[in-house]
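Examining the three-dimensional arrangement
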Amino acid sequence: EEWSYGVTDYNTGGAGKTGIRKTKPKSHPLHRYRESVSMGETQLSSVEVQVQLSKMRGAFLEDDYHLLRRNCITFAQEFVFAITGKNL
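The following refers to the structure shown. It should be emphasised that the depicted structure is a prediction, and the values quoted were computed from it without experimental measurement. (Residues numbered from 1 in each chain as written. Predicted model: local features only at pLDDT ≥ 70, side-chain atom pairs only at ≥ 80, totals over all residues. Heavy atoms only, no water.)

Section: the overall build of the protein chain
Of the regular secondary structure elements, the protein chain holds 2 helices and 2 strands. In sequence order, the protein chain lays out its α and β elements as β-β-α-α. Compactness check: the protein chain gives a C-alpha radius of gyration of 13 Å against a globular reference of 12 Å for 88 residues, within 12% of the reference. The C-alpha extent of the protein chain, read off along each of the three principal axes, is 40 × 30 × 25 Å. Restricting to contacts in the protein chain with at least 6 residues of sequence separation, those with at least 24 account for 60%. Accessible area for the protein chain stands at about 6600 Å²; split by element, carbon and sulfur atoms hold 53% of it. A distance of 3 Å separates the average location of the 12 positive side-chain charges in the protein chain from that of its 10 negative side-chain charges. (Helix = DSSP H or I, 4+ residues; strand = E, 2+ residues; numbered from the N terminus. Rg over C-alpha atoms; globule rule 2.2 N^0.38 Å. Contact = heavy atoms within 4.5 Å. Areas by Shrake-Rupley, 256 points an atom, 1.4 Å probe, with all protein chains shown as cover. Lys, Arg positive; Asp, Glu negative; His and termini not counted. Charge placed at Lys NZ, Arg CZ, Asp CG, Glu CD.)

A closer look at unusual backbone geometry
Phi angles above zero are rare outside glycine, and Lys26 is one such case at about 60 degrees. Residue placement: Lys26 occurs in the loop between strand S2 (20–23) and helix H1 (46–57).

A word on the packing of aromatic side chains
Applying the stated criterion across every chain yields a total of 4 aromatic pairs. Linked through ring pairs, Tyr5, Phe60, Tyr65, Phe75 and Phe79 together constitute an aromatic cluster. Directly above the aromatic system of Phe60 lies the positively charged group of Arg70, at a separation of 4.0 Å from the ring centroid. (Phe/Tyr/Trp six-rings, centres within 6.5 Å; stacked < 30°, edge-to-face > 60°. Lys NZ or Arg CZ within 6 Å of the ring centre and 35° of its normal.)

Description of the side chain of Thr23
Along the chain, Thr23 turns up in strand S2. Beyond its immediate chain neighbours, meaning those up to four positions away, Thr23 contacts Glu1, Glu2 and His28.

Describing helix H2 (residues 72–84)
Look at H2: 18 Å from first C-alpha to last across 13 residues, which is about the 18 Å you get at 1.5 Å a residue. Following H2 by one or two positions, Gly85 adopts a phi angle in the positive range, close to 80 degrees. (Expected span 1.5 Å × (residues − 1).)

Re a nonpolar patch on the surface
On the surface, Val37, Met39 and Leu88 cluster together into a nonpolar patch covering about 290 Å² of accessible area. Here Leu88 shows up in the segment after H2. Its relative accessible area of 53% is what places Leu88 among the exposed residues. (Patch = residues over 30% accessible without salt bridge, like charges linked within 9 Å, V, L, I, M, F, W, Y side chains within 5 Å. Salt bridge = Lys/Arg side-chain N within 4 Å of Asp/Glu carboxyl O. Buried < 20%, exposed > 50% of the residue type's maximum accessible area, 1.4 Å probe, protein only.)

Quick word on the pattern of salt bridges
The tally for this structure, following the rule as stated, stands at 3 salt bridges. Between Glu1 and Lys22 there is a salt bridge, with its nearest N and O atoms 3.3 Å apart. Of this pair, Glu1 sits in the segment before strand S1 (2–5) while Lys22 sits in strand S2, placing them 21 residues apart in sequence. The partner of Glu78 in a salt bridge is Arg70, with the nearest N and O atoms 3.8 Å apart. Relative accessible area serves as the criterion here: at 37%, Glu78 is assigned to the partly exposed category.

No statement about biological role is implied by the geometric values presented.
Below, the structure written as structure tokens:
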């Protein structure tokens, strides 16, 4: 599974919707992938990872997305820390 954060419709805005999305790895239709980057391993079960994602959904709303200040990198840093305890 691959998780990302962003806006799905820039015309209507997020209207309180979570910006966290799940896609098949390397298959997001708006991105071209160059390489995979290891972000470490987690000792959490898949259920525990889902719990962490559920906790983050309210903190990563589409309305809050900002290209420079709160974006997919911000999400990746916080998500990796939540499931591994390590900073990127």
